[in-house]
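# Notes for the structure review
One-letter residues, chain by chain:
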Amino acid sequence: FDRQDPRILYQQDNSKRVSIRLPEGEGTPPLVTFFEKADLSTFLHESAHYYLHVFESVATQEGAPSQLVDDFAAVKDWWRSNAAEVATEAGVSERNVKRYLDSGTTANADMDKAIGVALQEQWARGYEAYLLEGKAPSNALRTAFEAFSAWLVNVYRQARGLNVQINDELRGVF
């Protein structure tokens, strides 16, 4: 995979557990690549990236349902309240993070990419924390995180409909 591809997200610590390439347009599927060091949280973390990508795409479309628009505004408010942490991770100033959140760009493509990745990572880690605690990072984010949880449960339910039976021995392998 190409680490310079802005659609690629990967661990900042270079541990190479997984990468995800987000879709560029309609009909382009996401691509998730799991590496040897992937662990049990990897799927959940990467699912959060994809969910945020879809969530933002839908919430920012003209005529989007008001609840989605409000939920995405809550996400942006949460990012704004954590702009210092995002800035540190992106290697930019807090002012640049806020500019990006306000207008969608800093007018510097490299900086925009770094901020976008840092925002994605903060969302994914926030969701992991939510799963651990069972509590969203803020009341305003509760609805967005609950919607993601419902989606994830649905993914797992669909996986059960794979028309395959496994025994206890195989379960032990998993």
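The rules behind each value
Residues numbered from 1 in each chain as written. Predicted model: local features only at pLDDT ≥ 70, side-chain atom pairs only at ≥ 80, totals over all residues. Heavy atoms only, no water. Salt bridge = Lys/Arg side-chain N within 4 Å of Asp/Glu carboxyl O. Helix = DSSP H or I, 4+ residues; strand = E, 2+ residues; numbered from the N terminus. Buried < 20%, exposed > 50% of the residue type's maximum accessible area, 1.4 Å probe, protein only. Phe/Tyr/Trp six-rings, centres within 6.5 Å; stacked < 30°, edge-to-face > 60°. Expected span 1.5 Å × (residues − 1). Arc of directions from axis to C-beta.

## Some points on the pattern of salt bridges
With the rule as written, the count across this model stands at four salt bridges. Its salt-bridge partner being Glu94, residue Lys98 comes within 3.4 Å of it at the nearest N-O pair. You can see Lys98 and its partner Glu94 sitting in helix 4 (residues 94-103), four residues apart, about one turn around the helix. Residue Lys98 is classed as partly exposed on the basis of its relative accessible area of 30%.

## Quick notes on the packing of aromatic side chains
Considering all chains together, one arrives at five aromatic pairs under this definition. Centroid distance Phe55 to Phe72: 5.7 Å. Interplanar angle 85 degrees. Geometry classified as edge-to-face. Residue Phe55 is located in helix 1 (residues 40-59), and its partner Phe72 is located in helix 2 (residues 66-81); the two are separated by 17 residues in the primary sequence. The class of Phe55 is buried, set by a relative accessible area of 5%. Through successive ring pairs, a cluster of aromatic residues spans Tyr51, Phe55, Phe72, Trp79 and Trp123.

## A word on helix 2
Taking 1.5 Å as the rise per residue, helix 2 with 16 residues should run 22 Å; its terminal C-alpha atoms sit 22 Å apart, in good agreement. Residues of helix 2 that are buried: Asp71, Phe72, Ala74, Val75, Trp78 and Trp79. Buried positions in helix 2, seen along its axis, are confined to an arc of 150 degrees and lie on one side of it. Away from its buried face by more than 90 degrees, helix 2 exposes Ser66, Asp77 and Ser81.

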